[in-house]
Amino acid sequence: MRFGVDEAGKGPVLGSMFAAAVRCDPADLPDGVGDSKGIPDERRERLADQIWSVATVGVAEIPPVRIDDPETDMNTLTVAAHAEALAQVATDGLSGLADAGDTNAVRFEQRVGDRVDADLDLTARHRADEDDPVVGAASIVAKSAREAHVDALAAKYGPIGSGYPSDPTTREFLEEYVADHDDLPDCARRSWSTCEDVLAAAEQSSLDAF
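Owing to the predicted nature of the structure, the values given are computational and were not obtained by experimental measurement.

J.: I keep staring at the packing of aromatic side chains and nothing clicks. Help me out?
T.: How two aromatic rings sit relative to each other is set out by the distance from centre to centre and by the angle between their planes. Under the criterion given, the structure shown has three aromatic pairs. Measuring from ring centre to ring centre gives 6.0 Å for Tyr-157 and Tyr-177, while their planes differ by 75 degrees; the resulting arrangement is edge-to-face. Pair noted here: Tyr-157 is in helix α6 (residues 133-157) and Tyr-177 is in helix α7 (residues 168-181), with a separation of 20 residues, a long-range link. We classify Tyr-177 as buried; its relative accessible area is 19%. Among the aromatic side chains, those forming a connected cluster through ring pairs are Tyr-157, Phe-173 and Tyr-177. The side chain of Arg-189 reaches across the aromatic face of Trp-192, ending 5.2 Å from its centre.

Take a look at the structure:
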């Protein structure tokens, strides 16, 4: 029995970041778990359902209001997300692996471990979701939670795309929303440069209209 932790949604301009922690016997996991980025949507959701049925799972959400807090940063919030998810499955003496969310993996594991009350044997490693099945399972659950969140936002706002700054649909949504409401939607990460650029362009457009 061991645990794995990973996050999804660190880079989008829209919506929350999610982290998941999975505690299980690796032998109980379904075949094909791995880095969620390489798994088609339908298969990922089937795997997520199977993981929930065989493992103890914790999920943490970091909403835009926390991301935009000027007193913090994304490295600290990634640590917090991992720790909040891990705390839901942690027990004394448990060992496991986190996908390092910092350039310094040792620093990341120490910061996460300091935030969890249980006495854990925690290691962090870069790209652990690619070769460790339990971290891969956590990656799948985190990505599934993030995608369900994006679907809920789309149901509220209409087409928003993937939420990533490079997505033309996402940028179009932000530009049209600001044009209609003179402000960003609540789901936007206001501190992201994409949002600042959209607001600046809208302000310039208003000035040009006079």
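J.: I tried to follow the sheet that holds strand β5 (residues 121-125) on my own but got confused; where do I start?
T.: Strand pairing in a sheet takes place through backbone hydrogen bonds and is either antiparallel or parallel in direction. Spatially, five strands are ordered β3-β2-β1-β4-β5 in an open sheet, and the strand pairing comes out mixed. The two strands at the open ends of the sheet, each matched to only one other strand, are β3 (56-62) and β5. Strand after strand, the sheet turns through a mean of 15 degrees between neighbouring axes, direction not considered. Here strand β4 (residues 95-99) pairs with β5 via five bridges, running parallel. Following the sheet pairing, Ala-98 is matched in β5 by Ala-124. The strands touched by helix α4 (residues 105-114) are β4 and β5; relative to β5, the strand with the most contacts, the crossing angle is about 140 degrees. Helix-sheet contacts for α6 involve β1 (2-8), β2 (17-24), β3 and β4, and the interaxial angle to β1 is about 35 degrees.

J.: How should the pattern of salt bridges be read in this particular structure?
T.: Opposite charge on two side chains lets them pair, provided their charged atoms get close. Within this structure, the stated rule accounts for eight salt bridges. Between Arg-44 and Asp-41 there is a salt bridge; the shortest N-O distance is 2.9 Å. A residue pair is termed a helical-turn pair when its members lie 3 or 4 positions apart in one helix, as Arg-44 and Asp-41 do in helix α1 (residues 41-54) at three residues. For Arg-44, a relative accessible area of 3% puts it in the buried group. Where Asp-183 meets Arg-190, a salt bridge forms, and the shortest distance between an N and an O atom there is 2.8 Å. Each of the salt bridges in this network shares a partner with another, and the network as a whole consists of Asp-41, Arg-44 and Glu-45.

J.: Would you mind going over a negative patch on the surface with me for this structure?
T.: On the surface, a cluster of negative charge is contributed by Glu-172, Glu-175, Glu-176, Asp-180 and Asp-182. With respect to the secondary-structure elements, Glu-176 resides in helix α7.

Rules and cut-offs
Residues numbered from 1 in each chain as written. Predicted model: local features only at pLDDT ≥ 70, side-chain atom pairs only at ≥ 80, totals over all residues. Heavy atoms only, no water. Phe/Tyr/Trp six-rings, centres within 6.5 Å; stacked < 30°, edge-to-face > 60°. Helix = DSSP H or I, 4+ residues; strand = E, 2+ residues; numbered from the N terminus. Buried < 20%, exposed > 50% of the residue type's maximum accessible area, 1.4 Å probe, protein only. Lys NZ or Arg CZ within 6 Å of the ring centre and 35° of its normal. Pairing = 2+ DSSP bridges. Axes fitted to C-alpha atoms, helices over the stretch in contact; angles between N-to-C directions. Contact = heavy atoms within 4.5 Å. Salt bridge = Lys/Arg side-chain N within 4 Å of Asp/Glu carboxyl O. Patch = residues over 30% accessible without salt bridge, like charges linked within 9 Å, V, L, I, M, F, W, Y side chains within 5 Å. Areas by Shrake-Rupley, 256 points an atom, 1.4 Å probe, with all protein chains shown as cover. Lys, Arg positive; Asp, Glu negative; His and termini not counted. Charge placed at Lys NZ, Arg CZ, Asp CG, Glu CD.

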